[in-house]
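Residue strings, one per chain:
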Amino acid sequence: MAEFRRKKKKICQMCAGKSVDYKDVMIVTKYINEKGKIMPRRMTGACAKHQRHIAEQIKYARFMALIPFVK
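The structure presented is a predicted model; accordingly, all values stated were derived computationally and were not measured. (Residues numbered from 1 in each chain as written. Predicted model: local features only at pLDDT ≥ 70, side-chain atom pairs only at ≥ 80, totals over all residues. Heavy atoms only, no water.)

Description of the layout of surface pockets
- Each pocket or cavity is described by its volume, and for the largest pocket that value is around 220 Å³.
- Every residue along the wall of the largest pocket is listed here: Lys7, Lys8, Lys9, Lys10, Cys12, Arg41, Arg42, Gly45, Ala46 and Cys47.
- Along the lines of polarity and charge, the residues of the lining of the largest pocket split into three nonpolar, one polar and six charged. (1 Å grid on protein atoms, 1.4 Å probe; cavity = no way out; pocket = protein on both sides within 12 Å on 5 of 7 lines; lining within 4 Å. Points joined across faces, edges and corners; volume = space filled by probe spheres on them. Nonpolar A, V, L, I, M, F, W, Y, C, P; charged D, E, K, R; others polar.)

Points about a nonpolar patch on the surface
- A surface patch of nonpolar side chains, amounting to about 350 Å² of accessible area, comprises Phe63, Met64 and Leu66.
- With respect to the helices and strands, methionine 64 occurs in the segment after α3 (48–63).
- Judged by relative accessible area, which is 48%, methionine 64 ranks as partly exposed. (Patch = residues over 30% accessible without salt bridge, like charges linked within 9 Å, V, L, I, M, F, W, Y side chains within 5 Å. Areas by Shrake-Rupley, 256 points an atom, 1.4 Å probe, with all protein chains shown as cover. Salt bridge = Lys/Arg side-chain N within 4 Å of Asp/Glu carboxyl O. Helix = DSSP H or I, 4+ residues; strand = E, 2+ residues; numbered from the N terminus. Buried < 20%, exposed > 50% of the residue type's maximum accessible area, 1.4 Å probe, protein only.)

Section: α3
- The first and last C-alpha atoms of α3 sit 23 Å apart over 16 residues, in line with the 22 Å expected at 1.5 Å per residue.
- Of the residues making up α3, those classed as buried are His50, Gln51, Ile54, Ala55, Gln57, Ile58, Ala61 and Arg62. Along the axis of α3, the buried residues cluster in a sector spanning 165°; they form a single face. Within α3, the exposed residues directed more than 90 degrees away from the buried face are Lys49, Arg52, Lys59 and Phe63. (Expected span 1.5 Å × (residues − 1). Arc of directions from axis to C-beta.)

Structural notes on unusual backbone geometry
- Located in the positive-phi region is alanine 65, a residue other than glycine, with phi close to 65°.
- Relative to the helices and strands, alanine 65 resides in the segment after α3.
- Residue classification places alanine 65 among the exposed residues on the basis of a relative accessible area of 64%.

Describing the packing of aromatic side chains
- Inspection of the entire model under this criterion finds one aromatic pair.
- Between tyrosine 22 and tyrosine 60, the aromatic rings sit 5.9 Å apart at their centres with planes inclined by 75°, giving edge-to-face as the arrangement. One end of the pair, tyrosine 22, is in the segment before α1 (25–29); the other, tyrosine 60, is in helix α3, and 38 residues separate them in sequence.
- On the accessibility criterion, tyrosine 22 (24% relative accessible area) is partly exposed.
- Look at tyrosine 60 and you get partly exposed, because its relative accessible area is 41%. (Phe/Tyr/Trp six-rings, centres within 6.5 Å; stacked < 30°, edge-to-face > 60°.)

What follows is the structure, given as structure tokens:
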């Protein structure tokens with residue numbers, strides 16, 4: 001019998017107390033990959049409510065030209 005390893009469930013950083021704001025470029029860039037795409041929930045560990053908020057903040061930052069649309 002093969003033993004299965006359980007991966008530790010990621011905790012939503014925003015539920016833990018941190019916030020994502022479009023003006024803070026360093027935090028926003030953590031949630032986009034090297035091609036400039038928004039990372040999915042399974043990679044960020046965010047809950048559904050906060051993943052929508054993260055995506056919205058990334059789009060604001062792109063529109064304000066704080067981060068590029070593509071790299």
